[in-house]
Amino acid sequence: MTLFAVCFAIPVPVVVATVTSTVHTETVWVGALPADPLHPIVATYEDRLIATISKQEIATVPIRDITLRPGYDVKPFMAFGAYVPAIEQGTENLSWELTPTSEAPDASFWYQSIDNDLNLPHWESFRVGLNPAYDFEVKGYALSDGLEPDGWTRSIVNQKRYDLSLGIKYERVQRVGGMENVETVGEFQIKMGARYEPSDMDRTFEADSWGASGLEAIGGLRFTPEYTDKLGRSEVLFPPVGARYDVRNPFGATPSRYLNDVGRVLGQDEVRRMIGATGLELPRLSGMLESAAASGEDMNRLQFPGDPDGLEDVECGSEFVAPPGTLWVPSDPSYQTMMSFTGLTYKFGPDLREGGAPYAEMRTHCLSMNKKEPAPNVRYYPYAPNDTMLPMLAKLAEQSRFRGPWDQARTWIYTDRAGFAEINKRLFPPVSSSRYVDALYDVALYAGLQQSDLEDRKFFPLDALDCSASRDDASAWYIHTVATSFARDLRRYLESAPQALTKLASGDELDRKHLVRLSRVLLAHPEKDARMGALHFLMKLNTTQGIEGRLGLMLPSLLSSDEKEVELALDVCRKYAMKDRLPLLGVMAAKGATEPIRSKAASLVNLFGG
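Residues numbered from 1 in each chain as written. Predicted model: local features only at pLDDT ≥ 70, side-chain atom pairs only at ≥ 80, totals over all residues. Heavy atoms only, no water.

(A) Representation of the sheet that holds strand E20 (residues 360-366) in the model. Across the sheet, six strands lie side by side as E14-E15-E20-E18-E17-E21; this open sheet has antiparallel pairing. Every interior strand has two partners, whereas the edge strands, strand E14 (295-298) and strand E21 (380-383), have only one. On average, each strand axis in the sheet is tilted by 35° relative to the strand beside it, whichever way the strands run. By the bridge criterion, two bridges tie E14 to strand E15 (residues 301-304) in an arrangement that is antiparallel. If you follow Ser295 over to E15, its bridge partner there is Gln303. (Pairing = 2+ DSSP bridges. Helix = DSSP H or I, 4+ residues; strand = E, 2+ residues; numbered from the N terminus. Axes fitted to C-alpha atoms, helices over the stretch in contact; angles between N-to-C directions.)

If you want it as structure tokens, here you go:
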């Protein structure tokens, strides 16, 4: 499963906002022909600039998919929307441009035709930003509430992706004698980015009478028909770990505690009945449970059973199933809680000694980075998780095309609230900035971050901005979030021309591509400090190779009410040969707010136009 290719919908434009700015003029003709002063003709003219923000539903990504029954309580969770700005905005070949009024606020836009036939002072300010501030919906979900008895309830929560665009249309309207003529002078679309919105919860129920099994969802033992008749049950599920269980502070699991935890679901009388049906005495059964419990020597894998020789002759024909996301609770609470991210199916039976596999391995992640790693003398007991995020993290790791330390980093970001520096103190080999940004973005999209986390510097170190190998959507989101939450710090960082970023300009194509997307996101950002930092940084680079003409619209800076920002943006246009800005530069040469702006713009018009 790829992150954005789970379920595609037919794109249907949905308009979310429309703004219209008009210039209205009126002309009175004295009479018709021949002149008749008693019957004047009124002709009205209207120039309309229409901006429409629209969204198209592109994909649906499940961020929770959990099957439960009564007795299995899981923690409620919150899901937040996310905004990922576009990197390629698709407006390089405009035949007409936007220019500011002197009264317009920072990054306000309005229209100027190439024909220069509009009377500029009469235009209203046109307030449409490239990165509008959306109020993202926050939804809470309690998956354990309302579970029906005697069956399984499957709950799915999706994250819907919409692509956002800003459509600009310029119309001229003429009205004479009750007749109206509308002429469309021009129109274009600006790609704004993607918006992610959590959906309502979708629930389905399957009764036990239908033959449903939760073994694949929760895990446990499935018995052969012979032993189903003997024991009176076809399966026994893993017990829930408990609503209050903290993976960073585990309890010490023992055979007796495990049996008690199973009894909380089945009932202690049912457990005693089953033990009696096996014909096993409790000490022997406890010894078999301890031998079957998993063991390992590092946080990357566990083996099951942990001690195959200690099982003696297995007389119970059964199949052990542990789905991705199964928790493995240690017998010693000073050791890490583990989670398997590969599924495991293991067959017990009387013929285990006759060619059967003595044990099977499963790949695991540690859920408590400050605890000790697995050791051979520690036993791990399987439990159903109380946090529905953990199975989602396990599925992401299981389905990854390439596995590496970044998968463990993704888990620690969520379970230990660990940032880039803290993770690399524990991981060897360390995770790169690119893989860290990808992992953090995954956790955010799958509802693993709180709103306060987006303002926590440990998750967003500035030295991870050199993430040249990260995915486009992940890097754009990371850069945009850093600029939103830490604009002033970012400006100081960029103005210092950090080596980690300056070396990108002389790197390979991947590095230069990242430098372009970094610049595009920052130069379109509504925070002026983020834009100014980017402009100063670009002016300090020693080379422009591979970057020329690729910095995007630059409209927020070129249309800024801050004269110094406009001048600096014009300097960047010169250095990086932004010839596609020529129509706007022509208007600025004639109508710029100050003489230095008009002079610089005119110089660029001569340079690019000649």
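There is more to say, and it comes next.
(B) The arrangement of the environment of Met392 in detail. Within the secondary structure, Met392 is located in helix H6 (residues 389-398). Since its relative accessible area comes to 6%, Met392 is described here as buried. For the pair Met392 and Pro324, spaced 68 residues apart in sequence, the C-alpha separation works out to 8.7 Å. The residues contacting Met392, other than those within four sequence positions of it, are Pro62, Ile63, Arg64, Asp65 and Tyr446. (Buried < 20%, exposed > 50% of the residue type's maximum accessible area, 1.4 Å probe, protein only. Contact = heavy atoms within 4.5 Å.)

(C) Layout of the environment of Leu282. With respect to the helices and strands, the residue Leu282 is situated in helix H5 (residues 282-292). Sequence spacing of Leu282 and Arg272 is 10 residues, and the spatial spacing of their C-alpha atoms is 9.8 Å. In this structure, Leu282 is in contact with Leu259 and Ile275, ignoring residues within four places of it in sequence.

(D) Broad picture of the pattern of salt bridges. With the rule as written, the count across this model stands at 40 salt bridges. Note that Asp472 and Lys513 form a salt bridge whose closest N and O atoms lie 3.6 Å from each other. Here Asp472 is found in helix H10 (residues 472-485), whereas its partner Lys513 is found in helix H13 (residues 509-523), with 41 residues between them in sequence. The salt bridge involving Asp489 is made with Arg492; its shortest N-O contact spans 2.3 Å. Here Asp489 pairs with Arg492, and both are found in helix H11 (residues 487-495), just three residues apart, close to one helical turn. When its relative accessible area of 27% is taken as the criterion, Asp489 is described as partly exposed. For Arg492, a relative accessible area of 53% gives the class exposed. (Salt bridge = Lys/Arg side-chain N within 4 Å of Asp/Glu carboxyl O.)

(E) Main features of the packing of aromatic side chains. All chains considered together, the criterion is met by 17 aromatic pairs. When the centroid spacing of 6.3 Å and the interplanar angle of 55° are considered together, the rings of Phe304 and Trp328 count as tilted. Taken together, the residues Phe304 in strand E15 and Trp328 in strand E17 (residues 327-330) connect sequence positions 24 residues apart. The exposure class assigned to Phe304 is buried, which follows from its relative accessible area of 3%. Grouping aromatic residues by their ring pairs yields a cluster made of Phe238, Phe304, Phe320, Trp328, Tyr346 and Phe348. Here Arg69 stacks its cationic end above the ring of Trp152, 4.8 Å away from the centre of that ring. Over the aromatic face of Phe486 sits the side chain of Arg457, whose NZ or CZ is 5.3 Å from the ring centroid. (Phe/Tyr/Trp six-rings, centres within 6.5 Å; stacked < 30°, edge-to-face > 60°. Lys NZ or Arg CZ within 6 Å of the ring centre and 35° of its normal.)

(F) Molecular detail of the sheet that holds strand E19 (residues 344-348). In spatial order, the strands read E13-E12-E16-E19; together these four strands make up an open sheet with antiparallel pairing. The outermost strands of the open sheet, each flanked by one partner alone, are strand E13 (235-237) and E19. For this sheet the average axis-to-axis angle between neighbouring strands, irrespective of direction, equals 15°. The sheet contact formed by strand E12 (residues 220-223) and E13 spans three bridges and is antiparallel. Its bridge partner lying in E13, Arg222 is registered against Glu235.

(G) Structural context of the packing of helix H17 (residues 582-591) against helix H18 (residues 595-609). Where H17 contacts H18, the two axes come as close as 7 Å, and the packing angle between them is 140°. The angle between the axes of H17 and H18 places the two elements in the oblique class. Crossing handedness for the pair H17 and H18: left-handed. Contacts between H17 and H18 involve Leu582, Leu585, Gly586, Met588, Ala589 and Ala590 on the former and, on the latter, Ile597, Arg598, Ala601, Ala602, Leu604, Val605, Phe608 and Gly609. Partitioning the contact of H17 with H18 into residue classes produces 11 nonpolar, two polar and one charged. (Parallel < 35°, antiparallel > 145°, perpendicular 65-115°, else oblique. Left-handed = near helix turned anticlockwise from the far one by under 90°. Nonpolar A, V, L, I, M, F, W, Y, C, P; charged D, E, K, R; others polar.)

(H) Seen up close, unusual backbone geometry. Of note, the bond from Phe304 into Pro305 is cis; its omega dihedral lies within 30 degrees of zero at -10°. Tracing the sequence through the fold places Pro305 in the loop between E15 and strand E16 (318-322). Backbone torsion omega between Phe428 and Pro429 reads 0°, so that peptide bond is classified as cis. In this structure, Pro429 sits in the loop between helix H8 (420-426) and helix H9 (433-445). Positive phi outside glycine occurs at Ala497, with the angle close to 50°. Within the element layout of this structure, Ala497 appears in the loop between H11 and helix H12 (499-502). A positive phi angle, close to 60°, is found at Met554, a residue other than glycine. The topology assignment puts Met554 in the loop between helix H14 (528-540) and helix H15 (555-558).

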